[in-house]
Amino acid sequence: MENLIANYQSDSDQEEENEIKQTVQEKTHAIVAAPAVDVEEISSWKHLIPKGTKELTHNIPYKDLVKPFVGPANPFNPEANENGLENKNTPAGYFEKHSISDFNFTEQQRTFQNFKYALNPNDVTGTEYIGNVEKAKDANGQTIFNKKKNDKNAKKKKRKQMGNPGDVENYLGPWAGYEGETIGELHGATEEELKAYEETKEGSKEKKAKTDEGPTETTIFHGKSMYDYQGRSYMHVPQDIGIDLNGEPGSQECFIPKRLIHTWSGHTKAVNAIRFFPGSGHLLLSCSMDSKVKLWDVYNNRQCLRTYLGHTKGVRDICFTNDGRKFITASFDKYLKIWDTETGQCISKYTNHKTPYCVRFNPDEDKQNIFLTGCSDKKIYQYDTNTGEIVQEYNQHLGAVNTITFVDENRRFVTTSDDKTLRVWEYDIPVVIKYIAEPSMHAIPSVAVHPNGKYIACQSMDNQVQVYSVKDKFRMNYKKRFTGHLVAGFSCQVNFSPDGHFLMSGDSEGKMFFWDWKTCKLYKKFKAHDAAVVGCEWHPHETSKVATCGWDGLIKYWD
């Protein structure tokens, strides 16, 4: 039936059918979904991984992971067999254990220490040496034990004959010695050795005497003339300034200074202490870390009058005598020197080869030849300038002595130290009569006596000023505490006004603080220096004038 139908179809129908089939075939070929595949083998790819890569974005064939390294071998790599470090067990290489007995090890060690040679532990034969091989060959390889044994046999002494017992004078018996001994003969240094020893001894004495002399002392006068038209020097108290400088200090009411009126600049380093001339206060003495001591004029032109030179290191403390004609300096060069204030001459000098931290003359008029100094060796030395010798030692402190303060009409004195204690002594008796030490106490670098003589103010390293009564019983006054300033680590001086109404102190930030003595209230504080203020002195007759010094090398006068 199909064939019959096919025979009835025309040629045109056949052509249309063929065209439709061709179109279907073309469309079928165009929409094939199979992707293009690269026939290149993946094993030929080179997977380069940059240094520092922490994450891989593709799979790496196992063959690439096990490929050999390319480039120079790492000598510190344990897998580098060609370098002989396959058994590396230390950062420097291979450490191999070697068994040796304690006796053999000790023998070879001591042999090498004494004779500079020993057996090579890596040599199996035991014939190779390390160290001084020539010496080992000469000694035939003897160790420390063998050599001592041979020497003992070689140096064995031969005993002398006992002699005939019948010969009483020449019989030695069991007391006979050994041959070569010199028993009974005198032995000692030869004449040449004695001569050399004496020369060395004399040289050391000369050197010590030269050292004890210290540096030479000089002075420089900075004024135009030492004397005025009436023949008076700068020691004369001025009478034409409108103030009675010979009056009683503290007789007038004092006031707190408000402004700066003058600055003395002459020191090149930190100024450690300043002192007004006793009684009148018309001169000001200062000492500095530049090893110089200077005398300044408080009135008139307020210039530097004289410079005292004689120390090789910084000057720590200074102190006038009662009349002011002499003063003493304590320096870090371990010397104490007494100077003439007017002429600048060094009168005497003392040293005990210890660093003095403080020095004080005895305030009694009949004891102006006595001064005390606290040193770094925890002792207080008492000197007599008439004899130039140490007449007493006070040795109880456990640290360097910082201050010496006379109290109770100069019959006793108080000392403070780095051992955080306060001790009271009877003058000229080296026995402590009062010992104050509490767990809350700190070191006290400065002490000031109240003008009435009943109290002392102690600058404590815990940023406060403590008060102790010194009249009947030495004890702390817990009701009086002055705080607000920062002095920890600095030796800032504390001081009173002449009338006793105010207490003042510097601090480590360059400020000055003024408190009321009765109420302990802080009245005023102001910026005084660019560095720590370590010294402050109230003028004995001027009611509101204060001199301060600091680590900036300046001395300032306030009113």
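Residues numbered from 1 in each chain as written. Predicted model: local features only at pLDDT ≥ 70, side-chain atom pairs only at ≥ 80, totals over all residues. Heavy atoms only, no water.

So, the overall build of the protein chain
1) Next: Each helix and strand counted, the protein chain has seven helices and 31 strands in total.
2) Next: Considering only residue pairs separated by 6 or more positions, the protein chain has 44% of its internal contacts joining residues 24 or more positions apart.
3) Next: Roughly 34,900 Å² of accessible area belongs to the protein chain as shown, and the carbon and sulfur atoms make up 51% of that amount. (Helix = DSSP H or I, 4+ residues; strand = E, 2+ residues; numbered from the N terminus. Contact = heavy atoms within 4.5 Å. Areas by Shrake-Rupley, 256 points an atom, 1.4 Å probe, with all protein chains shown as cover.)

A few points about the packing of aromatic side chains
Two aromatic rings, taken as a pair, are described by how far apart their centres are and by the angle between their planes.
1) Next: If you walk through the whole model with that rule in mind, you get 31 aromatic pairs.
2) Next: Considering the side-chain rings of Phe-277 and Phe-320, the 5.7 Å spacing of their centres and the 65° angle between planes classify their relative orientation as edge-to-face. Pair noted here: Phe-277 is in the loop between β5 (271-276) and β6 (283-288) and Phe-320 is in strand β9 (residues 315-320), with a separation of 43 residues, a long-range link.
3) Next: The buried category is assigned to Phe-320, whose relative accessible area is 9%. (Phe/Tyr/Trp six-rings, centres within 6.5 Å; stacked < 30°, edge-to-face > 60°. Buried < 20%, exposed > 50% of the residue type's maximum accessible area, 1.4 Å probe, protein only.)

As for the environment of Gly-510
1) Next: Topologically, Gly-510 is positioned in the loop between β26 (502-506) and β27 (511-516).
2) Next: For Gly-510, a relative accessible area of 0% gives the class buried.
3) Next: Expressed as a C-alpha distance, the spacing of Gly-510 and Lys-527, which sit 17 residues apart in the sequence, is 6.0 Å.
4) Next: Aside from chain neighbours lying at most four places away, what touches Gly-510 is Phe-526, Lys-527, Ala-528, His-529, Ala-531, Ala-532 and Val-533.

Observations concerning the sheet that holds strand β19 (residues 422-426)
1) Next: Read across the open sheet, the four strands follow the order β17-β18-β19-β20; overall the sheet is antiparallel. Edge strands, defined here as strands with exactly one partner in the open sheet, are β17 (401-407) and β20 (429-436). Looking at each pair of strands side by side, their axes are set apart by 30° on average, direction ignored.
2) Next: Both strand β18 (residues 412-417) and β19 contribute to a ladder of five bridges, which runs antiparallel. (Pairing = 2+ DSSP bridges. Axes fitted to C-alpha atoms, helices over the stretch in contact; angles between N-to-C directions.)

Details of the pattern of salt bridges
1) Next: Using the criterion set out here, one finds 15 salt bridges in the structure.
2) Next: Between Glu-537 and Arg-275 there is a salt bridge, with the nearest N and O atoms lying 3.8 Å from each other. With Glu-537 in strand β29 (residues 533-538) and Arg-275 in strand β5, the pair connects residues that are 262 residues apart, well separated along the chain. Neither Glu-537 nor Arg-275 differs from the other in exposure class; each is buried.
3) Next: Here Asp-317 ties to Arg-360 by a salt bridge, and the two come within 2.9 Å at their closest N and O atoms. Of the two residues, Asp-317 sits in strand β9 while Arg-360 sits in strand β13 (residues 356-361), which places them 43 residues apart along the sequence.
4) Next: Accessibility expressed as a relative area gives 4% for Asp-317, which makes it buried.
5) Next: A relative accessible area of 25% means that Arg-360 is categorised as partly exposed.
6) Next: One continuous salt-bridge network, built from bridges that share partners, spans Arg-275, Asp-317, Arg-360 and Glu-537. (Salt bridge = Lys/Arg side-chain N within 4 Å of Asp/Glu carboxyl O.)

Focus on the environment of Ser-376
1) Next: Along the chain, Ser-376 falls in the loop between β14 (370-375) and β15 (380-384).
2) Next: According to the relative accessible area criterion, Ser-376 is partly exposed, its value standing at 30%.
3) Next: It is 9.9 Å that separates the C-alpha atoms of Ser-376 and His-353, two residues lying 23 residues apart in sequence.
4) Next: If we skip the residues at most four places from it in the chain, Ser-376 touches Lys-354, Thr-355, Tyr-357 and Ala-400.

A closer look at the confidence of the model for the protein chain
A low pLDDT score tells you not to read the predicted coordinates there in detail.
1) Next: Model confidence for the protein chain is summarised by a mean pLDDT of 83, while 82% of its residues fall at 70 or above.
2) Next: Looking at the elements of the protein chain, mean pLDDT is at its lowest for helix α1 (residues 2-8), recorded as 51, and at its highest for strand β30 (residues 546-550), recorded as 95.
3) Next: This stretch, residues 80-84, has a pLDDT under 50; its non-local contacts, to residues over four places away or in other chains, come to seven contacts. (pLDDT = per-residue confidence, 0-100.)

Brief notes about the pairing of strand β11 (residues 336-340)
1) Next: Where burial is concerned, most of β11 is hidden: four out of the five residues are buried.
2) Next: Here strand β10 (residues 326-331) runs beside β11; their pairing, made up of five bridges, is antiparallel. Across the sheet, residue Phe-327 finds its bridge partner in β11, namely Trp-339.
3) Next: Between β10 and β11, which pair antiparallel in sequence order, lie four residues; one of them, Lys-334, sits at a positive phi of approximately 70°.
4) Next: Where β11 hands over to strand β12 (residues 346-350), the hairpin turn is made up of five residues, of which Gly-344 adopts a positive phi near 80°.

Digging into helix α4 (residues 102-115)
1) Next: Taking 1.5 Å per residue as the helical rise, α4 with its 14 residues ought to reach 20 Å, and the 20 Å between its terminal C-alpha atoms agrees with that figure.
2) Next: Positioned one or two residues after α4, Lys-116 has a phi angle of 65°, which is positive. (Expected span 1.5 Å × (residues − 1).)

A few points about a nonpolar patch on the surface
1) Next: A cluster of nonpolar side chains, contributed by Tyr-62, Leu-65 and Val-66, occupies part of the molecular surface with about 360 Å² of accessible area.
2) Next: Within the element layout of this structure, Val-66 appears in the loop between α3 (62-65) and α4. (Patch = residues over 30% accessible without salt bridge, like charges linked within 9 Å, V, L, I, M, F, W, Y side chains within 5 Å.)

With respect to unusual backbone geometry
If a residue is not glycine, its phi is most likely negative; likewise, a peptide bond is most likely trans.
1) Next: Unusually for a residue other than glycine, Asn-140 sits at a positive phi of about 60°.
2) Next: Counting through the fold element by element, Asn-140 comes out in the loop between α5 (133-138) and α6 (144-154).
3) Next: Of the residues examined, Asn-140 reaches a relative accessible area of 67% and is grouped as exposed.
4) Next: The phi dihedral of Lys-378 is positive, around 70°, even though this residue is not glycine.
5) Next: In this fold, Lys-378 is placed in the loop between β14 and β15.

Re the sheet that holds β5
1) Next: Taken in spatial order, the five strands line up as β3-β8-β7-β6-β5 in an open sheet, and their pairing is antiparallel. Looking at strand neighbours, the two that pair on one side only are β3 (218-221) and β5, the edges of this open sheet. Here the strands of the sheet are splayed against their neighbours by 15° on average, with no regard to which way each runs.

Section: the side chain of Asp-499
1) Next: Within the secondary structure layout, Asp-499 lies in the loop between β25 (494-496) and β26.
2) Next: A polar atom in the side chain of Asp-499 sits 2.9 Å from the backbone nitrogen of Cys-254.
3) Next: At 3.1 Å, the side chain of Asp-499 forms a polar contact with the side chain of His-501.
4) Next: Setting aside anything within four residues of it in sequence, one finds Asp-499 in contact with Gly-250, Gln-252, Glu-253, Cys-254 and Pro-451. (Polar contact = N/O pair within 3.5 Å; in protein donor to acceptor, adjacent residues only side chain to side chain.)

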